Amino acid sequence: MKTADFLIVGGGIAGVSAASRLAPHGRTILLEAESAFGYHSSGRSATFYHFGIGKSVVRGMTAFSRAHFESPAANGLDLSRPSPALFIATPEMLGVLDALEQEMAPYSDRLERLDVAGVRAIVPALNCGGEGIVAGVIDRAARRLDSEALQQDYRAALKKQGGEAIADARVAAIAREGGGWTVTTAAGEKFAAPVLVNAAGAWADGIARLAGVAPLGLRPLRRTIIVFDPPEGCEVRDWPFTKTAVDDFYMLPESGRLLACPVDEVPDEPGDAQPEEYDIALAASKVEHYTSIPIRRINHSWAGLRTFTEDRVPVAGFAADADGFFWLAGQGGYGLQTSPAMSVITESLIAGTPWPAELTDWGITPAAMSPERPGARRG
Ligand SMILES: Cc1cc2nc3c(=O)[nH]c(=O)nc-3n(C[C@H](O)[C@H](O)[C@H](O)COP(=O)(O)OP(=O)(O)OC[C@H]3O[C@@H](n4cnc5c(N)ncnc54)[C@H](O)[C@@H]3O)c2cc1C
């Protein structure tokens, strides 16, 4: 039996970031079921940092996280780079674009309203005018994140501070014993700690059930991304992350190619999410609807799970019904861009470090993050 102060279940971005912040406060062991860290949601995201998503708590955590993404990583890699986000509207989306601009304004001082000519100048392939795109808002404070660099950096920080991240360690049983938690992996290894952090993404309710803790009713929703080549001679490298003001479509450049997403949210089971033919075809049809780019061939596609609480605000806090059981879940579609904030919140709530004033200024309190708040639990 290996003992620790903090046991973390789940080696996605939530688990590794939290582990890196807990390691200075005690022996920290992270257990990941797969042979590779970040294999599930954290390795399948669009890796964007922007304010066009989520409620005010999410936007506040995103703003707080900026300093971390701009700081140099220990391994010399860039954790992120500036890359604007463009929100576009057809005539019937104009009201939603106005509201979005107002919602983003407190968090970004680099917003600019664009008319149709301004939008076309930035992404010439958009179908503009008439029933097409007629206006936009560009946020030049947005960033592109490097998910792999982030995860490596968090794991390196964990290791440097004496912590351990163990792959191929699927938690199969959890027992409350002697005032702490004993965890048994599928291979029969045992680990014990007074604090268990549940950072198991789409599986977090399953981990709670293993521990005899009431599940939150988390909802894993599948989302699909396709990758395709732009037409010959069409230089896309400097195109922004481009998203409709309503949740219908987004597109962004990646190594000379384009990624597109139909903004699908299909209820799914925790597992190795795979793209469905229907959603791939939907993504392609939306590219052809919003742009003049014909899709001749889809190079590649993938799907991942975005797991939400009932009110779509992530949870970070101890369960009321089990001592030392800490929920770190429900990161939905913003788990990368909020991971620095979520990990600092976790450190504060578990290790007792001061709650950052900047979080309070953004209206983010322990109560707002609590799994016990009204709205966190389904049903
Ligand atoms: C298509 C798509 C686009 C996205 N775009 C963005 C974006 O642009 N910006 C952004 O910030 N976010 C984005 N997201 C959301 C982001 O990817 C997630 O919020 C984030 O990855 C969640 O991290 P996690 O660590 O909670 O989950 P995961 O990465 O899924 O990690 C959970 C881990 O727990 C492990 N686990 C489960 N059960 C056990 C067990 N019994 N024992 C041990 N380990 C276990 C799993 O193997 C897994 O590795 C996107 C997501 C998708 C799918």
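Residues numbered from 1 in each chain as written. Predicted model: local features only at pLDDT ≥ 70, side-chain atom pairs only at ≥ 80, totals over all residues. Heavy atoms only, no water.

Could you clarify how one ought to interpret the overall build of the protein chain in this entry?
If you tally the helices and strands in the protein chain, you get 10 helices and 22 strands. Scaling as 2.2 N^0.38, a compact globule of 379 residues should have a C-alpha radius of gyration of about 21 Å, and the protein chain matches this with 21 Å. Principal-axis analysis of the C-alpha atoms places the extent of the protein chain at approximately 70 × 45 × 45 Å. Per-residue burial for the protein chain yields a buried fraction of 56% across its 379 residues. Partitioning the intrachain contacts of the protein chain with sequence separation of at least 6 by distance along the chain shows that 73% fall at a separation of at least 24. When the accessible area of the protein chain is evaluated, it comes to approximately 15200 Å², of which 51% is carbon and sulfur surface. (Helix = DSSP H or I, 4+ residues; strand = E, 2+ residues; numbered from the N terminus. Rg over C-alpha atoms; globule rule 2.2 N^0.38 Å. Buried < 20%, exposed > 50% of the residue type's maximum accessible area, 1.4 Å probe, protein only. Contact = heavy atoms within 4.5 Å. Areas by Shrake-Rupley, 256 points an atom, 1.4 Å probe, with all protein chains shown as cover.)

Explain the packing of helix 1 (residues 13-22) against helix 8 (residues 339-351) to me, please; I cannot follow it from the model alone.
Angle between the axes and distance between the axes: these two values describe a pair of packed helices. Close contact between helix 1 and helix 8 brings their axes to 8 Å; oriented N to C, the two are set at 50 degrees. By the criterion of interaxial angle, the relationship of helix 1 to helix 8 is oblique. Read as a crossing pair, helix 1 and helix 8 show a hand that is right-handed. From helix 1, Ile13, Ser17, Ala18, Arg21 and Leu22 reach across to helix 8, where they touch Ser339, Ser343, Val344, Thr346, Glu347 and Ile350. For the contact of helix 1 with helix 8, the class distribution of residues is five nonpolar, four polar and two charged. (Axes fitted to C-alpha atoms, helices over the stretch in contact; angles between N-to-C directions. Parallel < 35°, antiparallel > 145°, perpendicular 65-115°, else oblique. Left-handed = near helix turned anticlockwise from the far one by under 90°. Nonpolar A, V, L, I, M, F, W, Y, C, P; charged D, E, K, R; others polar.)

Just checking my understanding: could you explain the pattern of salt bridges for this structure?
Where charged atoms from two side chains of opposite charge come close, those side chains can pair. Counted under the stated rule, the structure contains 24 salt bridges. A salt bridge links Arg222 to Asp279, with the nearest nitrogen and oxygen atoms 3.1 Å apart. Here Arg222, found in strand 15 (residues 219-228), pairs with Asp279, found in helix 7 (residues 277-290); they are 57 residues apart in sequence, far enough to count as distant. Considered together, Arg222 and Asp279 belong to a single accessibility category, that of buried residues. (Salt bridge = Lys/Arg side-chain N within 4 Å of Asp/Glu carboxyl O.)

Help me understand the sheet that holds strand 5 (residues 80-82), please; the structure alone is not making it clear to me.
Pairing between sheet strands relies on hydrogen bonds along the backbone, with the strands arranged either parallel or antiparallel. Taken in spatial order, the three strands make up an open sheet running 4-9-5, and their pairing is antiparallel. Sheet topology places strand 4 (48-49) and strand 5 at the edges, where each strand pairs with a single neighbour. (Pairing = 2+ DSSP bridges.)

How should the sheet that holds strand 10 (residues 164-166) be read in this particular structure?
Strand order in the open sheet formed by six strands is 10-3-2-14-22-21, with mixed pairing between adjacent strands. The sheet is open, and its two borders are formed by strand 10 and strand 21 (315-318), each paired with just one other strand. Put simply, the sheet's adjacent strands are angled 15 degrees from each other on average, direction ignored. The pairing of strand 14 (residues 195-198) with strand 22 (residues 325-329) spans three bridges and is parallel. Paired with Val197 across the strands is Phe326, a residue of strand 22.

Help me understand the packing of aromatic side chains, please; the structure alone is not making it clear to me.
A ring pair, where both rings are aromatic, is described by two values, the distance of the centres and the angle of the planes. Scanning the entire structure with this criterion turns up 11 aromatic pairs. Ring geometry for Tyr49 against Phe69: centres 5.7 Å apart, planes inclined by 80 degrees, an arrangement best described as edge-to-face. Of this pair, Tyr49 sits in strand 4 while Phe69 sits in helix 2 (residues 56-70), placing them 20 residues apart in sequence. Seen from their ring centres, Phe308 and Tyr334 are 6.1 Å apart, and the 80 degrees between their planes marks the pair as edge-to-face. One end of the pair, Phe308, is in strand 20 (residues 298-308); the other, Tyr334, is in the loop between strand 22 and helix 8, with 26 residues separating them in the sequence. With a relative accessible area of 2%, Phe308 lands in the buried category. Within the aromatic cluster, the residues linked to one another by ring pairs are Tyr49, Phe51, Phe69, Tyr107 and Trp362. The ring centre of Tyr39 lies 5.0 Å from the NZ or CZ of Arg44, which sits over that ring. The ring centre of Phe308 lies 4.0 Å from the NZ or CZ of Arg312, which sits over that ring. (Phe/Tyr/Trp six-rings, centres within 6.5 Å; stacked < 30°, edge-to-face > 60°. Lys NZ or Arg CZ within 6 Å of the ring centre and 35° of its normal.)

What is the right way to look at the domain arrangement of the protein chain in this model?
By a widely used convention, the size of an interface equals the accessible area lost when the partners come together. Under the domain assignment, the protein chain is made up of domain 1 (2-47 + 147-218 + 311-369) and domain 2 (84-141 + 220-307). Centre-to-centre, using C-alpha coordinates, domain 1 lies 31 Å away from domain 2. Counting residues at the interface gives 16 residues for domain 1, matched by 18 residues for domain 2. Here domain 1 packs against domain 2, burying approximately 1300 Å² in sum over the two surfaces, 54% of which is carbon and sulfur. Taken as a group, Arg44, Ala46 and Ala202 account for 39% of the area that domain 1 buries against domain 2, more than any other trio of residues on that side. At the junction of domain 1 with domain 2, the criterion picks out two salt bridges. Glu265 is the partner of Arg312 in a salt bridge, and the nearest nitrogen-oxygen pair spans 2.8 Å. For the interface between domain 1 and domain 2, the tally reads nine residue pairs in polar contact (both at pLDDT 80 or more). (Domains from an automatic or database assignment. Buried area = accessible area lost by both parts, 1.4 Å probe. Polar contact = N/O pair within 3.5 Å; in protein donor to acceptor, adjacent residues only side chain to side chain.)

Looking at this model, I keep getting lost on helix 5 (residues 147-160). Mind explaining?
For the α-helix, the turn length of 3.6 residues means that residues three or four positions removed from each other point alike. Compared with an ideal rise of 1.5 Å per residue, which puts 14 residues at 20 Å, helix 5 spans 20 Å between its outermost C-alpha atoms and is within 8% of the ideal. At the N-terminal boundary of helix 5, the capping side chain belongs to Asp146, with an oxygen 3.2 Å from the backbone nitrogen of Glu148. Gly162 lies just past helix 5 and shows a positive phi near 90 degrees. (Expected span 1.5 Å × (residues − 1).)

Sorry, what's going on with helix 1 here?
Judged by how many residues are buried, helix 1 sits mostly within the fold: nine of 10 residues are covered. Among the residues making up helix 1, those that are buried are Ile13, Ala14, Gly15, Val16, Ser17, Ala18, Ala19, Ser20 and Leu22. For helix 1, the secondary structure elements touched by its buried residues are strand 2 (6-9), strand 3 (28-31), helix 5, strand 14, strand 22 and helix 8.

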